[in-house]
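Structure at a glance
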Amino acid sequence: MMMLVKVERISHLNKELLEDLIKVYLDGYSTMPYYHYKKRKDVKWYIRWLYRRDSDGIFIATYNNKPIGFIACDANWDEFLGAIHEIVVMRKFQRKGIGSKLLQTGLCYLKKKGIKLVELYVGEKNTGAIRFYKKFGFKEAGLYGIWLRMILEL
Ligand SMILES: CC(C)(COP(=O)(O)OP(=O)(O)OC[C@H]1O[C@@H](n2cnc3c(N)ncnc32)[C@H](O)[C@@H]1OP(=O)(O)O)[C@@H](O)C(=O)NCCC(=O)NCCS
C-alpha cells in the first residue's frame, strides 16, 4: 500500500505542534535506553531550543495531517558549517523511507543557505542511525565521550 507522507517546513511552533513534536520524539526514541531526553519538560525545552536556533530549519513529515517525524537543521551553527541537531521518526513508521525524505529535505535546505559542511553527533551505539547517515555519505569524524561526530561535505 502506498503511504502518503508529506514533508513540509514548519511555519510557526504553536502549542499544538509543540505537543505533537514532543509525542513524535518520545515515541521515536522509546526503545532506546540512552541518547535522548526522557522527561516531557526537557523534551519541550529542547524542541523550543531547536526552533530558536533556526526557525526555518525544522521540517516535519505528516501522515493524515499528523506529524510522524521531524528533522531540525541549523544553518546558523557557524560560518559555512551547518548542523543537524535532531531527526526522529515514530517507531511504527521507521524503515519506510521517511527519515531519508526528511534528511534529503534538510540537506537541500542547508545547501541553499550556503552551508559547505554539515555535522551531527550520534550516540556511538546507535548503530541503526549511524548506518542511516553513512548511506547519505556522512563520515565518522571523532568520538566525543559517548557521541560520534559525523560530517558531510555539501
Ligand atoms: C534514524 C531514523 C531517523 C531513520 O529513519 P527511518 O525512516 O527509519 O529511515 P529510512 O527508512 O529512510 O532508512 C533508510 C536506510 O537507512 C538504514 N537504516 C535506517 N534505520 C536503520 C536501522 N535501525 N538499522 C539499520 N539500518 C538502518 C537502512 O539502510 C535503510 O534502508 P532500508 O530500510 O532499505 O534497509 C529513525 O530510525 C529514528 O527515528 N530513530 C530513533 C531516533 C534516532 O536515533 N535519531 C538519530 C539521532 S542522531
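Up top is the structure.
A brief structural summary. (Residues numbered from 1 in each chain as written. Predicted model: local features only at pLDDT ≥ 70, side-chain atom pairs only at ≥ 80, totals over all residues. Heavy atoms only, no water.)

A word on the overall build of the chain
The criterion, for reference: Runs of H or I in DSSP of at least four residues are treated as helices and runs of E of at least two as strands, each being numbered from the N terminus. Whether two residues are in contact is decided by their heavy atoms: any pair within 4.5 Å suffices. Throughout, the Shrake-Rupley method with a 1.4 Å probe supplies accessible areas, and for residues the shown protein chains are the sole cover considered. We score Asp and Glu as negative and Lys and Arg as positive, and we do not count His or the chain ends. The location of each charge is read from NZ of Lys, CZ of Arg, CG of Asp or CD of Glu.
If you tally the helices and strands in the chain, you get 4 helices and 7 strands. With the C-alpha coordinates aligned to their principal axes, the bounding extent of the chain is approximately 35 × 35 × 35 Å. Of all intrachain contacts in the chain linking residues separated by at least 6 positions in sequence, the fraction that spans at least 24 positions is 61%. When the accessible area of the chain is evaluated, it comes to approximately 9,100 Å², of which 52% is carbon and sulfur surface. The positive charge centre, built from 28 side chains, and the negative charge centre, built from 16, are 6 Å apart in the chain.

What about the environment of Met 3?
As a reminder, the rule being used: Using a 1.4 Å probe on the protein chains alone, a residue whose accessible area is under 20% of its type maximum counts as buried, one over 50% counts as exposed, and one in between counts as partly exposed.
Looking at the secondary structure, you find Met 3 in the segment before β1 (5–9). The exposure class of Met 3 is partly exposed, given its relative accessible area of 24%. Each C-alpha atom, one on Met 3 and one on Glu 19, is 24 Å from the other, the two residues being 16 residues apart in sequence. Here Met 3 is in contact with Tyr 63, Phe 93, Lys 96 and Ile 98, once residues within four sequence places are set aside.

A few points about a nonpolar patch on the surface
Where we set the bar: In this analysis, a patch consists of residues with relative accessible area above 30% that form no salt bridge, clustered at 9 Å for like charges and at 5 Å for the nonpolar side chains Val, Leu, Ile, Met, Phe, Trp and Tyr. Salt bridges are identified by distance alone: a Lys or Arg side-chain nitrogen within 4 Å of an Asp or Glu carboxyl oxygen.
A surface patch of nonpolar side chains, about 400 Å² in accessible area, is lined by Tyr 121, Tyr 144, Ile 146 and Trp 147. With respect to the secondary-structure elements, Ile 146 resides in the loop between β6 (139–144) and β7 (147–153). Its relative accessible area of 41% is what places Ile 146 among the partly exposed residues.

Quick look at the pattern of salt bridges
According to the stated counting rule, one finds 7 salt bridges in the structure shown. Measuring nitrogen to oxygen at the nearest pair gives 3.9 Å for the salt bridge that ties Lys 41 to Asp 42. Judged by relative accessible area, Lys 41 falls into the exposed class, the value being 58%. The partner of Asp 74 in a salt bridge is Arg 53, and the shortest N-O contact between them spans 2.6 Å. Of the two residues, Asp 74 sits in strand β3 (residues 66–78) while Arg 53 sits in helix α2 (residues 40–53), which places them 21 residues apart along the sequence.

Comments concerning the packing of aromatic side chains
For clarity, the threshold we go by: Centres within 6.5 Å are what make two rings of Phe, Tyr or Trp a pair, Trp counting through its six-membered ring; a difference in plane orientation under 30 degrees is then read as stacked, over 60 as edge-to-face, and the rest as tilted.
Inspection of the entire model under this criterion finds 12 aromatic pairs. For the ring pair Tyr 37 and Tyr 46, a centre distance of 5.0 Å and an interplane angle of 55° mean the geometry is tilted. Residue classification places Tyr 46 among the buried positions, given a relative accessible area of 8%. A ring pair is formed by Phe 132 and Tyr 133, whose centres lie 5.4 Å apart and whose planes are at 55°; its orientation type is tilted. Put simply, the rings of Tyr 25, Tyr 29, Tyr 37, Tyr 46 and Trp 49 touch in pairs and so form one group of aromatic residues.

Structural notes on the site of the ligand
Selection criterion: A molecule or strand has a residue near it when one of that residue's heavy atoms lies within 4 Å. For this analysis, a polar contact is any N or O atom pair within 3.5 Å, provided that within protein one partner can donate a hydrogen and the other can accept it, and provided that sequence-adjacent residues contribute only side-chain to side-chain pairs. Throughout, the ten residues Ala, Val, Leu, Ile, Met, Phe, Trp, Tyr, Cys and Pro are labelled nonpolar, Asp, Glu, Lys and Arg are labelled charged, and all others, Gly among them, are labelled polar.
Around the ligand, the surrounding shell holds 22 residues, and the nearest of these are Val 89, Arg 95, Gly 99, Ser 100 and Asn 126. A distance of 2.8 Å separates an oxygen atom of the ligand from a polar backbone atom of Gly 97. In isolation the ligand offers 910 Å² of accessible surface; the protein chains occlude 80% of this area. Among the elements of the structure, β4 (81–89), α3 (98–112), β5 (117–123) and α4 (127–135) are those that each provide at least two residues to the shell around the ligand. Ranked by residue count, the leading element in the shell around the ligand is α4, at 6 residues. Within the shell around the ligand, the residues separate by chemical class into 11 nonpolar, 7 polar and 4 charged.

Side note on helix α1 (residues 15–28)
For clarity, the cut-off: In this analysis, the expected span of each helix is defined as 1.5 Å times one less than the number of residues it contains.
For α1, which comprises 14 residues, the first-to-last C-alpha distance of 20 Å matches the rise-based estimate of 20 Å (1.5 Å per residue) to within 8%. Where α1 is concerned, the buried positions are Leu 17, Leu 18, Asp 20, Leu 21, Ile 22, Val 24, Tyr 25 and Gly 28. Where α1 is buried, its residues contact α2, β2 (58–63), β3 and β4. One side-chain oxygen at the N-terminal end of α1 lies 3.2 Å from the backbone nitrogen of Glu 16; it belongs to Asn 14.

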